[in-house]
Amino acid sequence: MSNAHTPHDMSDPVRQARRITRPLVLVGLMGVGKTSIGRRLASALDRDFVDADEEIERAADRTVAEIFEAHGEAYFRDGERRVIARLMEEGHGVIATGGGAFVDPETRALVLDQGLAIWLDCDIETLVERTSRKNTRPLLKTGDPHTILRDLKEQRSPAYAQAQIHVVTGDGPHELAVERIIEELAAWQ
């Protein structure tokens, strides 16, 4: 067998990653960069991008924080489940989910069945720094953000670990995370 390149040679990671037609669903804790990385990933792969939290806010005509305050987390998660199911059905290219979405067994099963889950992960100190930039995180308003994020990571990691791809983002530029994701997608079977 020759090593010569053929028209079917997929040596370019972006081209290899583009062969995946399922929605790419970014999961992970708040502050890990799902929206920012998701936008860049979608652009690199020439796909559309949608943020589930923005879609929830549009559908409810309220912010996530307002929904949490008025109705509680269980109500929010129910709406989130329906919105993510709709986004999956619509076949969006890259979907950023809220931090707790993939923890829901029904949402997780749907994403794993019809999409490709990508767990974006990073250290707690980076998450604390990033989430402190905005005061819009309902779950962080109840106590010490470091403790809350550490506890959430411990509770949610078993669910996140079911994602088909796991990328540690660190505190570097999001472009590096996008490159790592593309490499993982290129290698994914």
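Relevant structure appears above.
Residues numbered from 1 in each chain as written. Predicted model: local features only at pLDDT ≥ 70, side-chain atom pairs only at ≥ 80, totals over all residues. Heavy atoms only, no water.

(A) Representation of the nonpolar core. Core analysis: the largest hydrophobic core is formed by 52 residues, its most contacted members being Leu24, Leu41, Ile118, Leu120, Ile181 and Leu185. Ignoring any residue separated from it by four or fewer positions in sequence, one finds Ile181 in contact with Ile37, Leu41, Ile118, Leu120 and Val167. (Core = buried A, V, L, I, M, F, W, Y, C linked by side-chain atoms within 4.5 Å. Buried < 20%, exposed > 50% of the residue type's maximum accessible area, 1.4 Å probe, protein only. Contact = heavy atoms within 4.5 Å.)

(B) Structural detail: the pattern of salt bridges. For the coordinates displayed, the defined rule picks out 13 salt bridges. One salt bridge connects Arg77 with Glu73, and the closest N-O pair in it is separated by 3.1 Å. Of this pair, Arg77 and Glu73 both sit in helix α5 (residues 73-90), separated by four residues, roughly a single helical turn. With a shortest N-O distance of 2.9 Å, Asp104 and Arg81 are connected by a salt bridge. Placement of Asp104 in the loop between β3 (94-96) and α6 (105-114) and of Arg81 in helix α5 is noted, with a sequence separation of 23 residues between them. Here Asp104 matches Arg81 in class, with each residue buried. Salt bridges linked by common partners bring Asp78, Arg81, Arg82, Asp104 and Glu106 together as one network. (Salt bridge = Lys/Arg side-chain N within 4 Å of Asp/Glu carboxyl O. Helix = DSSP H or I, 4+ residues; strand = E, 2+ residues; numbered from the N terminus.)

(C) Representation of unusual backbone geometry in the model. One non-glycine residue, Asp46, lies in positive phi territory at about 55 degrees. Positionally, Asp46 belongs in the loop between α2 (34-45) and β2 (49-51). In this model, Asp61 sits at a positive phi of 55 degrees, which is unusual for a non-glycine residue. Position of Asp61 among the secondary structure elements: in the loop between α3 (52-60) and α4 (64-71). You can call Asp61 exposed: its relative accessible area is 70%.

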